[in-house]
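# Understanding the architecture of this molecule
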Amino acid sequence: MRSVASPLSRPVWAPLLAALAAAAVIAWTGHGTGDPAEMGTLLAAARSALVAGPHLPAKLDPGLAAEAQAGEQVRVVVRSTPGARAQVEAAVAGLGGTVEVGSGDWLQAVVPPAALEDLVRLPSVVRIDRPLPMLPAGPVSEGFRTMALEPAPPFPGAGAGVKIGIIDSFGDYQRLVGSELPPPERLVYRSFTPNPGQSRHDTAVAEVVYDAAPGATLYLAEATTIPEVAAAVDWLLQQGVQVINMSMNAPFAPPSDGNGLDALTVEKAARQGAVWVNAGGNFANKHWLGDWRDANGNGLQDFAPGSDVNRMLVPAGRPVGFMVVLRWNDPWGGSCNDYDLTVSWNDPTYGPQAVSATATQDCSSGAQPLEVATGNAVSADGTLAVAISRRGNAQPRRLELFVWGGTLENSVPTYSVAPPADSANALAAGAVASWDASFLQPYSGRGPAWTGAVKPDFVAPDVVSTATFGPMGFAGTSAAAPHLAAVVALVKQAYPSWGPAQVRAYLRERALDLGTPGADNDYGYGLVYMGGGLPFGLPQPPAGPAIHPLDDARAWITWGAPAEATTYRICRSPSPTFDAGVACTDRSADGYSFAVVDVPSGDLETHYYRLQACNPFGCSAPVPAGGIVRRQWPDATGWDFYATVSTYAGYTIVKARNLRATGSADLELYQGLQGFPGALLRHTCAGLAPAAQCEAVWPGGGFVSVAQALGPWRVGAGLLPP
C-alpha cells in the first residue's frame, strides 16, 4: 500500500496521476476494529475521494496509469481499431516500446510510462489496459471411475492420433515428461508470455488429460493474458489441434456474444472444427448479481436491507491477494453510466485501508462497463468490504460482481459461469466430487449464460490426485475440465470427422442426468458419463455371426453389429482351430453388418472364418462365423458344389449350392460324416437345377457333411461347425 511515486516525464500527467493515487489508496493512522460505524466512516471517506478525483481518458485503465508512476517500463494491452494493429505496433516501436505478442486487433507491449499519453491519443487505439491475468478455475485420476470410463487407466492407445491443446501456465512440467506427461515425441511446448512457469496449475491439468488419453499428442501453450491467449489459440489451430482445454476464466471480459474474448478463442476454434473445453469457473460463491438499489439515498448500492457493503471473506491476519470485478449491462464500448468500486479493510498494523477503481464511462468508444480493483490485504477480522457507488447521473443498471481471493458473504450463484466458458459454443465443465457425482461443489460456476444457453454443459470430477498437487489435491472446475476434454479427445479419436456440434450431441445423449430432471444450470446435461465404456474400451464381440451362400462364386457373412465398433477384423484359416494359415483383413464399420467372401476354388479346399469387432482401443474376443468347403471332381461334367456351416442358439445350419453348369443333381445333408457309422441323413434335395440350393437346420453340433449324388455315385465333404 505504500509505494514511492515517481512522476512521468510529461508534466500534463502529473496532477492527474497524483489525484488518481489519492483516490486509489487511502490510509488512516490508528487501528481499525471492524465495527459497522468505523467501516461506514472508511467507506464514506473513500467515496468522497472518488467523487473529488478527476478522471483520466475513458479508454485508459486507471490502474495502468497508477502502475506507470512506479517504474521505468510498463506492460500494456492495447486494442486497436479493426485492421490497424500494424499501425499501433509501429507507434509503440517509435515511442521506445517493444511488442511482446499480438493477435487480431490485440497486442501486448512494454512501453516507457511517457508513451501512454501518445498512445491513448491515437485514433487507431480503442483501449489500453493492464495485462490482467486470467484466473485459474481453481498419479491416475480418481475421476475415471466416477465417469465409468473403463478400463481405468485406459489403454495406452487411447487418444492416439488426436492433438490436444492446453492453455495456461506449466511450471516444472519438464520433470514429468515421459512419466506423468507424454514422452518428448508427443509433447510440444511453446510460451507466449514473458514470464513462463509462474504457476504449476496447468501442469496438473495436462496430467489429467494424459491419464485419460495417454496416446494423444499434447500441445502446451503458456499464456495468461488475453493477447497471449489469443496468440496461443492461433498457434494451436495452426498445429491442427482438435481439442483445446483452458482451465482459466476472464470475469473482467464482456459476457460472450461472439464479439468479445469468445471471438478470439471459442468461436475461432469452432470455425476450424476444434472443440473448445473450458472450466466453468469457481465463482458460484464468489459472485453477486442485482439491480441498482439505494433505499437510503447515500449513493451506495444496497446489497441487503440496511447493508451498503458485501463482505468478502478471507483468512484473518494473513496476507491475501484479491481481485474484485464490477460489470454492468451497458454496451461494452460506449458505456454511458459511470459506476465506481471500493474495497476496504482494517489492517492490524495500519488501520483502515481502501482500494478504489475509478474508470471513466463517458459514452466514448473506449468506455467499458467495467471496474477492477486489485491489491494485497491483511485483514484484522477476515473481511474485505466491497462497495459500489454511482457517479453523476448514472442510470440504474443490473450490476454484477466477481471476486477472487475469498468468498462473498452475500453471493448469487446464477449467471456465475465466467467468460469464455459462457459461450454457446464452449463445452463448459462444472465440478462434482470424485467420490460422489451427485455432490455439486459449492464453488462450481452456475448458469445460465447471458445469451440464455444452459451452463455448465456437463459436470466432471474434481478433487483428484496428481503428481503436481499430491493425493486428492487438485480441485475446482480446473480439474473437471481436463476430464471432459480427454473424453472429447476419445470421441474425436473414434469419430475424427465429427465437429463440435456432433461431439456435443453425442455427449449429451450419454450424460448421466443429475439434479433437476433434464438439462439445468447447476449440472448442465449431467455427468459426462461413459457407462458401458464404448468406444472408450474394447467393443463387445459381433453377435450371432453366420455364413451363407450368396452366388456361385461368393458367400456372405452376417452378424449383429455391436455398439461403437469402428472396424471389423475378418480372419480365415483352413483349420477350424485357426492354428495354421491364418490371414486377416480389416474393414470399416460403415453401417452394414455383413461381408462378402470368395468361395474356395479347389477340390476339398476349406475356409473357416472368425470375426472381431474393433475400435481405436483394440478388438473384441474372436467369435467363429463358420466354414465353407468345395468339391469339384473330376471335371466340368462331374461333381461340383460348395457347402457352408454355421450355428445359432444351439442349432446347426447347413446350406449347399449346386455349381454344376448343366444337368440336375441331388444334394444330401448329413449330421456326421457321410459314409461313416453313425451318420444321420437330415435332408435331401432331389433334382436340383444349376445354382439351386439345399438347406437344413437341426439341434446340436458335431461334424456335418454334404454329398452330391450323380446316379449311383456320390462325393462328399465334411465341416466342423463353430
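Residues numbered from 1 in each chain as written. Predicted model: local features only at pLDDT ≥ 70, side-chain atom pairs only at ≥ 80, totals over all residues. Heavy atoms only, no water.

### Here we look at the packing of aromatic side chains
- Evaluated as defined, the whole model comprises 18 aromatic pairs.
- Centroid distance Trp559 to Tyr568: 4.9 Å. Interplanar angle 65°. Geometry classified as edge-to-face.
- Residue classification places Trp559 among the buried residues on the basis of a relative accessible area of 5%.
- A relative accessible area of 3% places Tyr568 in the buried class.
- Between Trp633 and Trp639, the ring centres sit 5.2 Å apart and the planes meet at 25°, which makes this aromatic pair stacked.
- Taken together, the ring pairs in this structure connect Phe170, Tyr173 and Tyr189 into an aromatic cluster.
- Positioned above the aromatic ring of Trp450, the side-chain terminus of Arg398 is 3.6 Å from the ring centre. (Phe/Tyr/Trp six-rings, centres within 6.5 Å; stacked < 30°, edge-to-face > 60°. Buried < 20%, exposed > 50% of the residue type's maximum accessible area, 1.4 Å probe, protein only. Lys NZ or Arg CZ within 6 Å of the ring centre and 35° of its normal.)

### Let's talk about the packing of helix H11 (residues 477–494) against helix H12 (residues 500–510)
- Contact geometry for H11 and H12: axes closest at 11 Å, N-to-C directions at 110°. With respect to their mutual orientation, H11 and H12 come out roughly perpendicular. In this structure, the crossing between H11 and H12 has a hand that is right-handed. Together, Leu484, Val487, Val488, Val491 and Lys492 of H11 and Val503, Tyr506 and Leu507 of H12 make up the contact between the two elements.
- Considering only residue class, the contact of H11 with H12 consists of seven nonpolar, no polar and one charged. (Axes fitted to C-alpha atoms, helices over the stretch in contact; angles between N-to-C directions. Helix = DSSP H or I, 4+ residues; strand = E, 2+ residues; numbered from the N terminus. Parallel < 35°, antiparallel > 145°, perpendicular 65-115°, else oblique. Left-handed = near helix turned anticlockwise from the far one by under 90°. Contact = heavy atoms within 4.5 Å. Nonpolar A, V, L, I, M, F, W, Y, C, P; charged D, E, K, R; others polar.)

### Notes on the pairing of strand E28 (residues 554–560)
- Looking at chain direction, strand E27 (residues 543–549) and E28 are connected through five bridges and run antiparallel. Counted as the bridge partner of Ala546 is Thr558 from E28.
- Between the end of E27 and the start of E28, which pair antiparallel, lie four residues.
- Pairing of E28 with strand E31 (residues 594–598) involves five bridges; the strand directions are antiparallel. Residue Trp556 lies in a different strand from E31, and its bridge partner there is Val596. (Pairing = 2+ DSSP bridges.)

### Topic: the sheet that holds E28
- If you walk across this open sheet you meet the three strands as E27-E28-E31, and the pairing is antiparallel. Among the strands making up the open sheet, the edge pair consists of E27 and E31. Strand-to-strand twist of the sheet, defined as the mean angle between neighbouring strand axes without regard to direction, takes the value 20°.

### Observations regarding the sheet that holds strand E37 (residues 665–671)
- Read from one edge to the other, the open sheet built from four strands follows the order E38-E37-E40-E41, with strand pairing classed as antiparallel. Since the sheet does not close on itself, it has two edges, and those belong to strand E38 (680–688) and strand E41 (713–719), each with one partner. This sheet shows a mean twist of 20° between the axes of neighbouring strands, independent of strand direction.
- Sheet topology places E37 next to strand E40 (residues 704–710); six bridges connect them, and they run antiparallel. Residue pairing across strands places Asp666 opposite Ala709, the latter belonging to E40.

### With respect to unusual backbone geometry
- Pro419 connects to Pro420 through a cis peptide bond whose omega is -5°.
- For Pro420, the position within the fold is in the loop between strand E21 (407–408) and strand E22 (427–433).
- The step from Gly447 to Pro448 runs through a cis peptide bond, and the omega angle for that step is 5°.
- Here Pro448 shows up in the loop between strand E23 (436–440) and strand E24 (458–462).
- Look at Cys363: it is not a glycine, yet its phi comes out positive at around 75°.
- With respect to the helices and strands, the residue Cys363 is situated in the loop between strand E17 (351–357) and strand E18 (370–378).
- What makes Cys363 partly exposed here is its relative accessible area of 42%.
- Of note in this structure, Met472 is not a glycine but carries a positive phi near 50°.
- Summarising the element assignment, Met472 is placed in strand E26 (residues 470–474).
- Using a relative accessible area of 37% as the deciding quantity, one classes Met472 as partly exposed.

### Describing the nonpolar core
- With 51 residues, the main nonpolar core has Ile164, Ile166, Leu218, Val277, Leu484, Val488 and Leu507 as its most contacted residues.
- Elements with a contribution of two residues or more to this core: strand E7 (163–168), helix H7 (201–212), strand E9 (217–222), strand E12 (275–279), E22, E24, H11 and H12.
- Sequence-distant contacts of Leu507, defined by excluding residues within four places in its chain, comprise Leu427, Phe458, Leu484, Val487, Val488, Val491, Val528 and Met530.
- In terms of nonpolar packing, the next biggest core, distinct from the first, is built from 41 residues, Ile167, Tyr219, Ile226 and Leu261 among them. (Core = buried A, V, L, I, M, F, W, Y, C linked by side-chain atoms within 4.5 Å.)

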